Amino acid sequence: MKKLEELKSHTAEIVNLNHATALLNWDQQTNMPPGGAPARANQLATLSKLSHQMFVSDEMGELIEAAARDVAQMDPDSDDASLVRVARRDYKQQRKLPSEFVAEFSRVTALAHGTWVKARADDDFEYFRPT
């Protein structure tokens, strides 16, 4: 069970980064002045990249496999077995994406948000199209 606890701890750190990202996204959509978009985009890109790198690391893959051995005899519907099953699935999917792509996608979508808000208010999709 030691590896399962390590997996939970490692996953909790990643979840914390994702929660910080969500908070920055919320702030961008509710309180942030428009001039803050470039800095916010860079912040979101950095957090997204760090979270992704932590999740797709070889260490995480090893933890998932070791934890899978820990939960092999458990009820497959238990919380711990489900955690390992979902982590394994997500790990395999996320390993297909380079961290640089994840960061750039986050940066570009954050920058596009302000443009989308203006285009929507003006009912002008052509303003948004380049983003």
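Quantities reported herein were computed from a predicted structural model and do not represent experimental measurements. (Residues numbered from 1 in each chain as written. Predicted model: local features only at pLDDT ≥ 70, side-chain atom pairs only at ≥ 80, totals over all residues. Heavy atoms only, no water.)

**Q** Tell me about helix H4 (residues 79-94), residues and numbers included.
**A** The terminal C-alpha atoms of H4, which comprises 16 residues, lie 22 Å apart, in line with the 22 Å expected from a rise of 1.5 Å per residue. Buried within H4 we find Ala81, Ser82, Val84, Ala87 and Tyr91. (Helix = DSSP H or I, 4+ residues; strand = E, 2+ residues; numbered from the N terminus. Expected span 1.5 Å × (residues − 1). Buried < 20%, exposed > 50% of the residue type's maximum accessible area, 1.4 Å probe, protein only.)

**Q** I'd like a description of the nonpolar core, backed by residues and values.
**A** With 15 residues, the main nonpolar core has Leu7, Phe55, Met60, Ile64 and Val84 as its most contacted residues. At the level of secondary structure, the elements contributing two or more residues to this core comprise helix H1 (2-30), helix H3 (58-71) and H4. Among the elements that take part in this core, H3 stands out by supplying six residues, more than any other. With sequence-adjacent residues up to four places away left out, Phe55 is seen in contact with Ile14, Met60, Ala87, Asp90, Tyr91 and Gln94. (Core = buried A, V, L, I, M, F, W, Y, C linked by side-chain atoms within 4.5 Å. Contact = heavy atoms within 4.5 Å.)

**Q** Pulling in residues and values, what's your account of the packing of aromatic side chains?
**A** Per the stated rule, a full pass over the model turns up three aromatic pairs. Measuring from centroid to centroid gives 6.2 Å for Phe55 and Tyr91, while their planes differ by 70°, and the two rings are edge-to-face. Linking Phe55 in helix H2 (residues 37-55) with Tyr91 in helix H4, this pair joins segments that are 36 residues apart in sequence. Judged on exposure class, the residue Phe55 and its partner Tyr91 are both buried. Sitting over the ring of Tyr127, Lys118 keeps its end group 5.1 Å from the ring centre. (Phe/Tyr/Trp six-rings, centres within 6.5 Å; stacked < 30°, edge-to-face > 60°. Lys NZ or Arg CZ within 6 Å of the ring centre and 35° of its normal.)

**Q** Can you lay out the environment of Asp58 for me, pointing to particular residues and giving the numbers?
**A** The topology assignment puts Asp58 in helix H3. Judged by relative accessible area, which is 53%, Asp58 ranks as exposed. For the pair formed by Asp58 and Arg95, sequence separation is 37 residues and the distance between their alpha carbons is 9.9 Å. Each residue touching Asp58, except ones within four places of it in the same chain, is listed here: Tyr91 and Arg95.

**Q** Explain unusual backbone geometry residue by residue, including any values.
**A** The bulk of non-glycine residues show a negative phi, and the bulk of peptide bonds are trans. The phi dihedral of Asp123 falls on the positive side, at around 50°, and the residue is not glycine. For Asp123, the location among the structural elements is in the loop between helix H5 (99-121) and helix H6 (125-128).

**Q** Run through the packing of H3 against H4, naming residues and quoting values.
**A** Where H3 contacts H4, the two axes come as close as 9 Å, and the packing angle between them is 145°. As H3 packs across H4, the resulting crossing turns out to be left-handed. Listed contacts from H4 to Asp58, Met60, Gly61, Ile64, Glu65, Ala67, Ala68 and Val71 of H3 are Asp80, Ala81, Val84, Ala87, Arg88 and Tyr91. For the contact of H3 with H4, the per-class residue count stands at nine nonpolar, one polar and four charged. (Axes fitted to C-alpha atoms, helices over the stretch in contact; angles between N-to-C directions. Left-handed = near helix turned anticlockwise from the far one by under 90°. Nonpolar A, V, L, I, M, F, W, Y, C, P; charged D, E, K, R; others polar.)

**Q** Explain a nonpolar patch on the surface to me, and be specific about the residues and the numbers.
**A** A contiguous nonpolar surface patch, about 300 Å² in accessible area, is contributed by Leu97, Phe101 and Phe105. Tracing the chain through its elements places Leu97 in the loop between H4 and H5. A relative accessible area of 33% places Leu97 in the partly exposed class. (Patch = residues over 30% accessible without salt bridge, like charges linked within 9 Å, V, L, I, M, F, W, Y side chains within 5 Å. Areas by Shrake-Rupley, 256 points an atom, 1.4 Å probe, with all protein chains shown as cover. Salt bridge = Lys/Arg side-chain N within 4 Å of Asp/Glu carboxyl O.)

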